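Secondary and tertiary structure notes
Residue strings, one per chain:
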Amino acid sequence: MQISKMPNLGKVNEEKLNLAGIMTAEELVSVGTETAYLKTKHLVDEGACLHFLYALEGAICNIPKKEIPIERKEKLKNFYQENQ
């Protein structure tokens, strides 16, 4: 399945993930949110933001990013701050 067909991720984010070596939705799910974020940040987009991290999580969970549980959002926010 194409990454751009997942919730929260369009063609631009698909291209970034492809450049980071993640080519399919299945690969994204396998790699996981944090690893996909770090690969993209380090290899493609130094300015990858918190909203991109949330978008990845939502895509992997197959939900809109606004539906990510508060506890998970807090963990992702802490992860984001640790990796700035």
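Just so it is clear, the model here is predicted, and its values are computed rather than measured.

Analysis parameters
Residues numbered from 1 in each chain as written. Predicted model: local features only at pLDDT ≥ 70, side-chain atom pairs only at ≥ 80, totals over all residues. Heavy atoms only, no water. Helix = DSSP H or I, 4+ residues; strand = E, 2+ residues; numbered from the N terminus. Expected span 1.5 Å × (residues − 1). Buried < 20%, exposed > 50% of the residue type's maximum accessible area, 1.4 Å probe, protein only. Arc of directions from axis to C-beta. Contact = heavy atoms within 4.5 Å. Core = buried A, V, L, I, M, F, W, Y, C linked by side-chain atoms within 4.5 Å. Axes fitted to C-alpha atoms, helices over the stretch in contact; angles between N-to-C directions. Parallel < 35°, antiparallel > 145°, perpendicular 65-115°, else oblique. Left-handed = near helix turned anticlockwise from the far one by under 90°. Nonpolar A, V, L, I, M, F, W, Y, C, P; charged D, E, K, R; others polar.

Once that is clear, we can look at helix 5 (residues 70–82). The first and last C-alpha atoms of helix 5 sit 18 Å apart over 13 residues, in line with the 18 Å expected at 1.5 Å per residue. Buried within helix 5 we find Leu-76, Phe-79 and Tyr-80. Buried residues of helix 5 fall within an arc of 100° about the axis and therefore sit on the same side. Residues of helix 5 that are exposed and angled more than 90 degrees away from the buried face: Ile-70, Glu-71, Lys-75 and Glu-82. Where helix 5 is buried, its residues meet helix 3 (33–43) and helix 4 (50–61).

As a further point, take the nonpolar core. In terms of nonpolar packing, the biggest core is built from 22 residues, with Leu-9, Leu-17, Leu-28, Tyr-37, Leu-53 and Leu-56 touching the most fellow members. Counting residues per element, the ones that place at least two in this core are helix 2 (25–31), helix 3, helix 4 and helix 5. Per-element accounting of this core gives the leading share, seven residues, to helix 4. In this structure Leu-56 touches Leu-9, Leu-17, Leu-28, Thr-33, Ala-36 and Tyr-37, once residues within four positions along its chain are discounted.

Right, let's talk about the packing of helix 3 against helix 5 for a bit. Where helix 3 meets helix 5, the axes come as close as 12 Å, and the angle between the chain directions of the two elements is 30°. Classified by the interaxial angle, the pair formed by helix 3 and helix 5 is roughly parallel. The two elements helix 3 and helix 5 cross, and the hand of that crossing is right-handed. Contacts between helix 3 and helix 5 pair Thr-33, Glu-34, Tyr-37 and Leu-38 from the former with Arg-72, Leu-76, Phe-79 and Tyr-80 from the latter. Looking at side-chain class alone, the contact of helix 3 with helix 5 contains five nonpolar, one polar and two charged residues.

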